[in-house]
Amino acid sequence: MLSERRLQVLRAIVQDYVGTEEPVGSKALTERHSLGVSPATVRNDMAALEEEGFIAQPHTSAGRIPTDKGYRLFVDKLAGVKPMTAPERRAIQNFLEGAVDLDDVVARTVRLLAQLTRQVAVVQYPSLTRSTVRHVELLSLAPARVMLVLITDTGRVEQRMVDCPAPFGEGPLADLRARLNSKVAGRRFSDVPRLVEDLPDAFEAEDRGTVSTVLSTLLETLVEENEERLMIGGTANLTRFGHDFPLVIRPVLEALEEQVVLLKLLGEAKDPGVTVRIGHENAHEGLNSTSVVSVGYGSGGEAVAKLGVVGPTRMDYPGTMGAVRAVARYVGQILAES
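Where an unreviewed UniProt entry is consulted, the chain appears under the name Heat-inducible transcription repressor HrcA, with the organism given as Streptomyces griseoluteus. The annotation that UniProt attaches to the chain under Function (unreviewed entry) is "Negative regulator of class I heat shock genes (grpE-dnaK-dnaJ and groELS operons). Prevents heat-shock induction of these operons." In its Sequence similarities (unreviewed entry) section, the UniProt record describing the chain reads: "Belongs to the HrcA family."

Draft legend 1. Seen up close, the layout of surface pockets. Volume-wise, the second largest pocket comes out at about 420 Å³. Along its surface, the second largest pocket is lined by 21 residues, and Leu116, Thr117, Asp316, Gly319 and Thr320 are the ones closest to its centre. Only α1 (4-20), α6 (102-117) and α12 (317-337) provide two or more residues apiece to the lining of the second largest pocket. At three residues, the largest contribution of residues to the lining of the second largest pocket is made by α12. Residue classes in the lining of the second largest pocket are distributed as eight nonpolar, six polar and seven charged.

Draft legend 2. Focus on empty space enclosed by the protein. Scanning the entire structure with this criterion turns up one cavity of 30 Å³ or more. Of the pockets and cavities examined, the largest cavity occupies roughly 30 Å³. Classifying every residue of the lining of the largest cavity gives seven nonpolar, one polar and no charged.

Draft legend 3. The arrangement of the domain arrangement of the chain in detail. Splitting the chain by domain gives domain 1 (2-76), domain 2 (84-125 + 227-335) and domain 3 (127-223). Spacing between the C-alpha centres of domain 2 and domain 3 amounts to 35 Å. Listed by partner, the interface residues are 13 residues for domain 2 and ten residues for domain 3. Counting the surface lost from both domain 2 and domain 3, the interface buries some 980 Å², and carbon and sulfur atoms represent 39% of this. On the surface where domain 2 and domain 3 come into contact, there are zero residue pairs in polar contact (both at pLDDT 80 or more).

Draft legend 4. Seen up close, the packing of aromatic side chains. Taken as a whole, this structure holds one aromatic pair when the rule is applied. Summarising the aromatic geometry, the rings of Tyr71 and Tyr317 are spaced 5.6 Å apart at their centres and angled 55° between planes, so their arrangement reads as tilted. Of this pair, Tyr71 sits in helix α4 (residues 68-78) while Tyr317 sits in helix α12, placing them 246 residues apart in sequence. You'll find Tyr71 and Tyr317 in the same group, each marked buried. When the ring centre of Phe54 is taken as reference, the NZ or CZ atom of Lys69 above it lies at 4.6 Å. Across from the ring centre of Phe203, 5.6 Å away, lies the NZ or CZ of Arg179, which sits over that ring.

Draft legend 5. Region of the structure containing the nonpolar core. Grouped together as the largest cluster of nonpolar side chains are 57 residues, with contacts concentrated most on Leu29, Leu307 and Tyr317. Per-element accounting of this core gives the leading share, eleven residues, to α12. In this structure, this core is formed jointly by two domains, domain 1 (2-76) and domain 2 (84-125 + 227-335), each of which donates at least three residues. Not counting residues up to four positions away in its chain, the partners in contact with Tyr317 are Tyr71, Phe74, Val75, Val276, Ile278 and Ser291.

Draft legend 6. Region of interest: the sheet that holds strand β6 (residues 157-163). Ordered by their spatial adjacency, three strands build an open sheet running β4-β5-β6, and the pairing between neighbours is antiparallel. Edge strands, defined here as strands with exactly one partner in the open sheet, are β4 (133-142) and β6. In this sheet, neighbouring strand axes are inclined to one another by 20° on average, regardless of whether the strands run parallel or antiparallel. Bridge count between β4 and strand β5 (residues 145-152): eight bridges; the pairing is antiparallel. Each bridged residue has a counterpart across the sheet, and for Val133 the counterpart in β5 is Thr152.

Thresholds applied
- Residues numbered from 1 in each chain as written.
- Predicted model: local features only at pLDDT ≥ 70, side-chain atom pairs only at ≥ 80, totals over all residues.
- Heavy atoms only, no water.
- UniProt positions renumbered as here; feature names shortened; annotations may be inferred.
- 1 Å grid on protein atoms, 1.4 Å probe; cavity = no way out; pocket = protein on both sides within 12 Å on 5 of 7 lines; lining within 4 Å.
- Points joined across faces, edges and corners; volume = space filled by probe spheres on them.
- Helix = DSSP H or I, 4+ residues; strand = E, 2+ residues; numbered from the N terminus.
- Nonpolar A, V, L, I, M, F, W, Y, C, P; charged D, E, K, R; others polar.
- Domains from an automatic or database assignment.
- Contact = heavy atoms within 4.5 Å.
- Buried area = accessible area lost by both parts, 1.4 Å probe.
- Polar contact = N/O pair within 3.5 Å; in protein donor to acceptor, adjacent residues only side chain to side chain.
- Phe/Tyr/Trp six-rings, centres within 6.5 Å; stacked < 30°, edge-to-face > 60°.
- Buried < 20%, exposed > 50% of the residue type's maximum accessible area, 1.4 Å probe, protein only.
- Lys NZ or Arg CZ within 6 Å of the ring centre and 35° of its normal.
- Core = buried A, V, L, I, M, F, W, Y, C linked by side-chain atoms within 4.5 Å.
- Pairing = 2+ DSSP bridges.
- Axes fitted to C-alpha atoms, helices over the stretch in contact; angles between N-to-C directions.

Shown next as structure tokens:
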């Protein structure tokens with residue numbers, strides 16, 4: 001275990017390097033921070049930190065920079081989450097409250113995160129598998145054609161056209177709509193198949209084929225695999241950090257174009273806390289020079305999706321963690337109220 005003083009030295013190195021973008025020397029550390037020891041003692045501490053892999057010497061520079069291992073210790077032990085100021089919180093709330101629908105909520109969240117953190121922002125749409133049904137609407141478009149509209153608790157709207165095997169009148173359609181909503185409204189998607197399996201039996205023999213067709217379309221909508229959608233913004237922010245990426249920026253940009261990679265990066269939505277993945281902790285090679293800060297968001301205290309930011313490992317971790325957490329909280333409130 002590192003001594004308290006060496007932890008202080010490491011904290012000072014991370015803070016200075018993030019702030020100045022320059023490798024940090026012992027003289028600068030003793031001048032900028034109240035470490036209470038001589039530059040020679042700080043040099044010894046830095047040598048010990050380097051030997052243990054927490055800091056490294058880039059090129060022939062006299063200064064040192066944190067390694068992935070150093071940043072990890074900083075995030076786990078030394079960095080608190082920097083809270084947003086009251087004006088910042090008000091600005092977040094006002095900006096997000098102007099959203100008109102779920103797409104607008106996600107788009108505004110991406111823009112806001114990218115602006116607050118000056119990193120790349122990634123927001124996952126609320127997952128259908130973790131949602132509940134708010135309402136099912138059935139609209140007659142032609143004698144044998146129905147539009148099915150599924151509305152979830154997170155405000156997501158899915159529309160499907162249903163070609164019925166026989167004409168279906170307004171009376172039976174209204175009956176199906178009422179019976180369907182009485183069974184599934186407020187229920188988890190995973191419960192719906194069991195709740196509707198007997199529904200065709202409640203209808204006249206000539207209508208049962210149509211009822212079954214409508215129900216099978218509803219069930220297909222609930223289990224579709226292409227539900228994991230993402231929105232990304234602020235990739236131009238990466239160009240400000242050109243010198244933070246050891247080779248070129250292209251591998252990072254290519255990785256950000258792969259939706260599967262981003263979903264893995266954000267992690268499981270059911271883990272609601274702030275997660276920080278640093279450098280080589282990111283399995284995708286193109287992202288070995290980046291850090292990812294993510295958190296779950298949702299209504300009613302349950303995470304239904306993730307949002308986060310991707311930036312260089314030389315990141316203001318306390319500020320980024322605070323911004324990501326605050327935005328997630330407000331998005332959750334808006335989903336709960338929508």
